Amino acid sequence: MTSEPTPVHADHQRVAWKCQAEPGTEFLVEVYANWQSAGAIARRIGSANIGFYRPAGAFEASAHPCQYGTAVWARYVAGLGLEPLPTTMTVRVPDYGRQAGYEGVRIAEVEISARCQVCGGPRGEARPDTFVRDGAPLVRDAWMNSCGHADDYAAVLEEARQRAGLPRLLRHEPEGRELKGVEGGEFAAAVDLIAEALKAAPHTRAKTAARFLEDQGHPVAAAAIRAFVATNVTGGQTSARAAALYLNRLDTEGGTK
C-alpha cells in the first residue's frame, strides 16, 4: 500500500539544474497541500522570483491536481521555441460496459487530461494498439507515462465522464474568450483572482476557489460560489472557471442585491 508522502521543502537549485541538463523536459518541483501554494510557486518560477530560475522566462512551470494535493512541474525553455504544453488529449479506449450481463466491446473516443492523475506529470504520447476481441481485430490507443504510473482504461473512461459536463457549462462563452471580471461589478476582483490562479492550476474545483476567495477577503463571492455548487448538476466536480463565469453572470444581471 502506498502511504502519503511527508511534505518537504522543494530543492529549487537541484530542480533548476535538472531542467537545464535536459532542456524541454518537465521535472517535478514539489507536491503542495493546496492549489493556492502550488499556483504561487509556479508563477514565481516563471517570473524568476526564485533566483535559481533566472532570467525571467527561462523556465516555465505549471500546477496540476494529483493524488496528494497539487503538483508543480517545471521545464527549461530558454531559446528552444517550444510549443505550449497540451492540457488535454483525445484517445480511443475499449468500453466493456458497466451494466450486468453486458457482452462485447465498443471503442470510445474520449477527451482526458494530458496529465497523469497520480502525480500530475505529463502523460505519454498515444499510439495505435491493435487487439483482438471475439475474433475481430480492434484498434485502441496505448501510451506509457514517463512517470511510470499506468493508466487503466476503466479509470480513463471514468475521468472522461467526469470531464464531459464542463463544455456544457461553458457553451454561453465564446471559444478563447479571456476570463475577466465585469468592469465595475460586485465580483470583478474575485473573478480576476480566480482567473490569475487558473493560469497555474487550470483544473481547480469551485469549492477550492471559494475557500481561496474567503482567505483573500471576498466572503460574499465565496458564499455565492458555494450556493452555485449546491444547485449545479455537476456538484463537487464544478470547475472554478464555471464558478467565475457564474459570478460574471450575477454582475451582468445586477449582483446579489
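Caption draft 1: Summary view of the environment of Gly-81. Secondary-structure assignment places Gly-81 in the loop between strand E3 (69-76) and strand E4 (88-95). Judged by relative accessible area, which is 74%, Gly-81 ranks as exposed. Between the C-alpha atom of Gly-81 and that of Gly-24, which follows or precedes it by 57 residues, the distance is 9.7 Å.

Caption draft 2: A look at the nonpolar core. Leu-179, Ile-194, Leu-213, Ile-225 and Leu-247 are the most contacted members of the largest nonpolar core, which has 25 residues in total. At the level of secondary structure, the elements contributing two or more residues to this core comprise helix H5 (188-200), helix H6 (206-215), helix H7 (219-231) and helix H8 (240-252). Residues Val-15, Val-29, Tyr-76 and Ala-197 belong to the second largest nonpolar core, which totals 24 residues.

Caption draft 3: Geometry of the packing of aromatic side chains. All chains considered together, the criterion is met by five aromatic pairs. Taking the centre distance of 5.1 Å and the plane angle of 85° together, the rings of Tyr-53 and Phe-59 count as edge-to-face. Its relative accessible area of 0% is what places Tyr-53 among the buried residues. The interplanar angle of 10° and the centroid separation of 4.4 Å between the aromatic rings of Phe-228 and Tyr-246 together place this pair among those described as stacked. Of this pair, Phe-228 sits in helix H7 while Tyr-246 is found in helix H8, placing the two residues 18 residues apart along the sequence. Residues Phe-228 and Tyr-246 agree in their burial class; the two are buried. One aromatic cluster is present, formed by Tyr-53, Phe-59 and Tyr-76 through successive ring pairs. The aromatic ring of Phe-131 is capped on one face by Arg-140, whose charged end is 4.3 Å from the ring centroid.

Caption draft 4: Structural context of the side chain of Glu-26. By the secondary structure assignment, Glu-26 is in the loop between helix H1 (12-21) and strand E1 (27-32). Taking the relative accessible area as the measure of exposure, Glu-26 reaches 12% and is therefore buried. Reaching out from Glu-26, the side chain makes a polar contact with the side chain of Arg-115 at a distance of 3.1 Å. Discounting residues that sit within four places of it in the chain, Glu-26 has contacts with Ser-62, Trp-73, Ala-74, Arg-75, Leu-85, Arg-115 and Pro-122.

Caption draft 5: Spotlight on the sheet that holds strand E2 (residues 59-66). Here we have three strands laid out as an open sheet, ordered E1-E3-E2, and antiparallel in their pairing. Only two strands of the sheet have a single neighbouring strand rather than two, namely E1 and E2. The sheet shows a mean angle of 25° between the axes of neighbouring strands, direction not considered. Two strands pair when backbone bridges link them, and E1 and E3 are joined in this way by five bridges, in the antiparallel orientation. Residue Leu-28 lies in a different strand from E3, and its bridge partner there is Trp-73.

Reading guide: rules and limits
Residues numbered from 1 in each chain as written. Predicted model: local features only at pLDDT ≥ 70, side-chain atom pairs only at ≥ 80, totals over all residues. Heavy atoms only, no water. Helix = DSSP H or I, 4+ residues; strand = E, 2+ residues; numbered from the N terminus. Buried < 20%, exposed > 50% of the residue type's maximum accessible area, 1.4 Å probe, protein only. Core = buried A, V, L, I, M, F, W, Y, C linked by side-chain atoms within 4.5 Å. Phe/Tyr/Trp six-rings, centres within 6.5 Å; stacked < 30°, edge-to-face > 60°. Lys NZ or Arg CZ within 6 Å of the ring centre and 35° of its normal. Polar contact = N/O pair within 3.5 Å; in protein donor to acceptor, adjacent residues only side chain to side chain. Contact = heavy atoms within 4.5 Å. Pairing = 2+ DSSP bridges. Axes fitted to C-alpha atoms, helices over the stretch in contact; angles between N-to-C directions.

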